[in-house]
Amino acid sequence: MQAQEEEDVGVPSTRRLITKKFERMQMIANTSQVIALNQVIDTVQVYNDTIIYAKPTSRSEILISAMATGVSQIDLKTRDNETYSLEIVVTGDARELKAILAEQFPSATLEVMPIQEAVIISGQVTADEHVEQVVRIAEQYYENVINRVEVIGVHTIMLHTQVMEVSRTKLRELGVDWASSWNDDGVVSSVSGLIAPGGTGTTITSAARETVRFEVVTENNTFFGFIRALKQNNMAKVLADPTVVAIDGRPASFNSGGEFPILVPAGMGQVGVEFREYGTRLDFVAKVRGDGRIWLEVRPMITEIDPGRTVSLGGVSVPGLRSRFVETAVELKAGETLALAGLLQMRTESETVGIPWVSDVPYLGALFRRNREIQNEVELLIMVTPNFAGPMQPEEVPCGGPGYNSTSPLDSELYGKGYIEVPNTSPPMPQGTTMEMVQPGTTVTPTSAPRMNR
């Protein structure tokens with residue numbers, strides 16, 4: 001009897017042997033598995049028999065069958081009153097879908113996990129178009145497909161950026177000029193620059209820029225008056241349209257502007273030169289995600305030279321810089337556009353020009369001064385569009401670039417006809433000659449190029 005028990009306890013290697021007090025395992029619906037212990041199983045308790053069905057096959061083995069998807073637990077009690085718990089997770093049968101995906105995408109690593117009426121597909125593929133194809137195949141088996149597939153490999157990303165700066169300037173100006181002459185004497189007040197003394201005598205001339213003019217002329221006396229009251233609205237738009245191409249995950253930058261030198265101390269009484277960058281600069285890093293999405297970190301910056309912030313050191317003037325930039329990170333699909341706006345700057349400048357002391361007199365001083373006020377409202381709008389890029393096909397390559405079909409003129413054409421560029425055309429071929437293709441491996445003897453016929 002004891003020998004028979006020892007013979008029953010022996011467990012084949014194809015069975016799952018339970019050695020710990022608590023273990024977890026995963027099964028597929030409508031499949032079976034043999035569970036074994038190194039001891040005699042006395043009692044088997046199933047907590048959810050609608051999911052798991054257990055049937056003893058020997059004193060130390062039981063056969064469990066997955067009836068439906070879900071989670072259940074089985075307790076195995078031995079004669080020594082020891083309990084072994086086994087938690088079983090039953091998932092749907094997706095083996096056919098796994099086999100199809102493995103056959104169609106051999107270079108991909110995909111995991112399929114069905115849940116209720118849906119399926120989760122995760123893993124990595126090597127091309128963007130494979131993501132959509134994997135989802136379409138999975139939709140033939142499940143209504144809802146949760147896509148967690150990522151794209152790996154080297155991708156080229158093209159970033160098209162438009163930087164628009166709209167400036168709305170409002171100008172208000174008021175100035176009064178007058179001139180009076182009697183006999184050979186006269187007096188002129190021209191703070192606005194509207195009138196100026198003439199070349200002879202006391203003749204008064206006008207710059208023809210006044211808005212209101214009045215004059216009193218008698219036999220011996222003359223009085224001129226000019227009033228300049230202006231209100232002006234201007235709008236200017238500055239547009240930068242850079243396009244940058246970079247590899248997936250590698251930083252790239254673009255600068256449309258220049259550099260200006262500044263003097264810096266170099267030690268031992270020497271002076272060195274450094275260059276400071278200004279203009280429109282764009283820095284970005286793009287990474288390809290799954291489902292054709294691109295994670296984008298972009299930092300556009302606009303820097304301008306501002307003479308109002310100039311600093312003078314040792315007789316050398318160093319101009320200041322006025323800069324505006326945005327730094328952000330978003331995730332969007334290829335071809336979608338990110339718009340960054342709201343960078344609004346208000347600047348008001350006022351100016352008063354007049355005769356000292358006299359122009360400061362209340363009310364009466366308005367006849368001897370000119371007031372000017374400028375209000376500048378600047379708004380910055382940045383639009384970024386990432387997209388996938390690739391090399392051109394041979395039939396897409398243009399025949400030639402700028403200047404390919406033109407050349408410098410002859411002396412007679414340059415001096416006689418005034419041409420600065422002439423077509424670069426080949427001479428006509430003699431009649432009866434034909435073009436022949438050179439076969440690979442054929443030796444061609446070079447000859448002197450024929451003279452171009454212009």
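Everything discussed here concerns the structure shown above.
Residues numbered from 1 in each chain as written. Predicted model: local features only at pLDDT ≥ 70, side-chain atom pairs only at ≥ 80, totals over all residues. Heavy atoms only, no water.

Undergrad: Please provide a residue-by-residue account of the pairing of strand E5 (residues 52-58), values included.
TA: Successive side chains on a regular strand alternate, one facing one side of the sheet and the next facing the other. Examined bridge by bridge, E5 and strand E6 (residues 61-66) share six bridges and lie antiparallel to one another. Across the sheet, the residue bridging to Ile-52 is Ala-66, located in E6. Between E5 and E6, which pair antiparallel in sequence order, lie two residues. (Pairing = 2+ DSSP bridges. Helix = DSSP H or I, 4+ residues; strand = E, 2+ residues; numbered from the N terminus.)

Undergrad: Now, about the sheet that holds E5: what can you tell me, with residues and values included?
TA: Reading across from one edge, E1-E3-E6-E5 is the order of the four strands in this open sheet, with mixed pairing throughout. Each edge of the open sheet is held by one strand with a lone partner, namely strand E1 (16-17) and E5. Inspection of the sheet shows strand E3 (residues 32-36) paired to E6 by five bridges, in the antiparallel sense. Its bridge partner lying in E6, Ala-36 is registered against Glu-61.

Undergrad: Which residues make up the pattern of salt bridges, and what values do they have?
TA: Scanning the model with the defined rule gives eleven salt bridges in all. One salt bridge in this structure joins Glu-327 and Arg-299, with 3.4 Å as the shortest N-O distance. One end of the pair, Glu-327, is in the loop between strand E22 (316-325) and strand E23 (328-333); the other, Arg-299, is in strand E21 (residues 293-313), with 28 residues separating them in the sequence. Residue Arg-299 is classed as partly exposed on the basis of its relative accessible area, which comes to 25%. Through salt bridges that share partners, Glu-277, Arg-281 and Asp-283 make up one connected network. (Salt bridge = Lys/Arg side-chain N within 4 Å of Asp/Glu carboxyl O. Buried < 20%, exposed > 50% of the residue type's maximum accessible area, 1.4 Å probe, protein only.)

Undergrad: Run through the nonpolar core, naming residues and quoting values.
TA: In this structure, Phe-284, Leu-296 and Ile-382 are the most contacted members of the largest nonpolar core, which totals 37 residues. Ranked by size, the runner-up nonpolar core spans 18 residues in total, among them Met-27, Ala-29, Ile-35 and Tyr-84. (Core = buried A, V, L, I, M, F, W, Y, C linked by side-chain atoms within 4.5 Å.)

Undergrad: An account of the sheet that holds strand E7 (residues 70-78) is needed here, citing residue identities and associated values.
TA: Overall, mixed pairing links the four strands, which are arranged E2-E8-E7-E4 in an open sheet. Taken across any chain shown, the strands that pair with only one partner, and hence form the sheet edges, are strand E2 (22-28) and strand E4 (41-46). Between one strand and the next, the sheet's axes are offset by a mean angle of 25 degrees, whatever the strand orientation. Both E4 and E7 contribute to a ladder of five bridges, which runs antiparallel. Counted as the bridge partner of Val-46 is Ile-74 from E7. (Axes fitted to C-alpha atoms, helices over the stretch in contact; angles between N-to-C directions.)

Undergrad: How would you summarise the environment of Met-301 if you had to cite specific residues and measurements?
TA: You can see Met-301 is positioned in strand E21. A C-alpha to C-alpha distance of 9.3 Å links Met-301 and Asn-255, two positions 46 residues apart in sequence. What Met-301 contacts, discounting residues up to four positions off in sequence, is Gly-279, Thr-280, Arg-281, Arg-324 and Phe-325. (Contact = heavy atoms within 4.5 Å.)

Undergrad: Before we move on, could you go through the layout of surface pockets and cite the residues and values that matter?
TA: There is about 240 Å³ of room inside the largest pocket. Contributing to the lining of the largest pocket are 15 residues, with Thr-69, Gly-92, Pro-114, Ile-115 and Gln-116 lying nearest its centre. Ranked by residue count, the leading element in the lining of the largest pocket is strand E8 (residues 83-91), at three residues. In terms of residue class, the lining of the largest pocket is built from seven nonpolar, five polar and three charged. Looking at the second largest pocket, its volume works out to about 180 Å³. Forming the boundary of the second largest pocket are 13 residues, of which Gln-26, Lys-98, Val-112, Met-113 and Pro-114 lie nearest the centre. Every element with two or more residues in the lining of the second largest pocket is listed here: E2, helix H2 (95-104), strand E9 (109-115) and strand E10 (118-125). Within the lining of the second largest pocket, the residues separate by chemical class into six nonpolar, four polar and three charged. (1 Å grid on protein atoms, 1.4 Å probe; cavity = no way out; pocket = protein on both sides within 12 Å on 5 of 7 lines; lining within 4 Å. Points joined across faces, edges and corners; volume = space filled by probe spheres on them. Nonpolar A, V, L, I, M, F, W, Y, C, P; charged D, E, K, R; others polar.)

Undergrad: Before we move on, can you summarise the packing of aromatic side chains with the specific residues and values?
TA: Applying the stated criterion across every chain, the model contains one aromatic pair. Measuring from ring centre to ring centre gives 6.1 Å for Phe-260 and Tyr-278, while their planes differ by 45 degrees; the resulting arrangement is tilted. Of this pair, Phe-260 sits in strand E19 (residues 252-267) while Tyr-278 sits in strand E20 (residues 270-288); the two residues are 18 residues apart in sequence, bridging distant segments of the chain. Using a relative accessible area of 9% as the deciding quantity, one classes Phe-260 as buried. Classification of Tyr-278 as partly exposed rests on a relative accessible area of 28%. Just above the ring of Tyr-84 sits the side chain of Lys-21; from NZ or CZ to the centre is 4.6 Å. (Phe/Tyr/Trp six-rings, centres within 6.5 Å; stacked < 30°, edge-to-face > 60°. Lys NZ or Arg CZ within 6 Å of the ring centre and 35° of its normal.)

Undergrad: Describe the environment of Gly-70, with residues and values.
TA: By secondary structure assignment, the location of Gly-70 is in strand E7. Here the alpha-carbon distance between Gly-70 and Val-89, two residues 19 residues apart in the chain, equals 6.0 Å. Setting aside residues no more than four positions away along its own chain, Gly-70 makes contact with Ile-51, Ile-88, Val-89 and Val-90.

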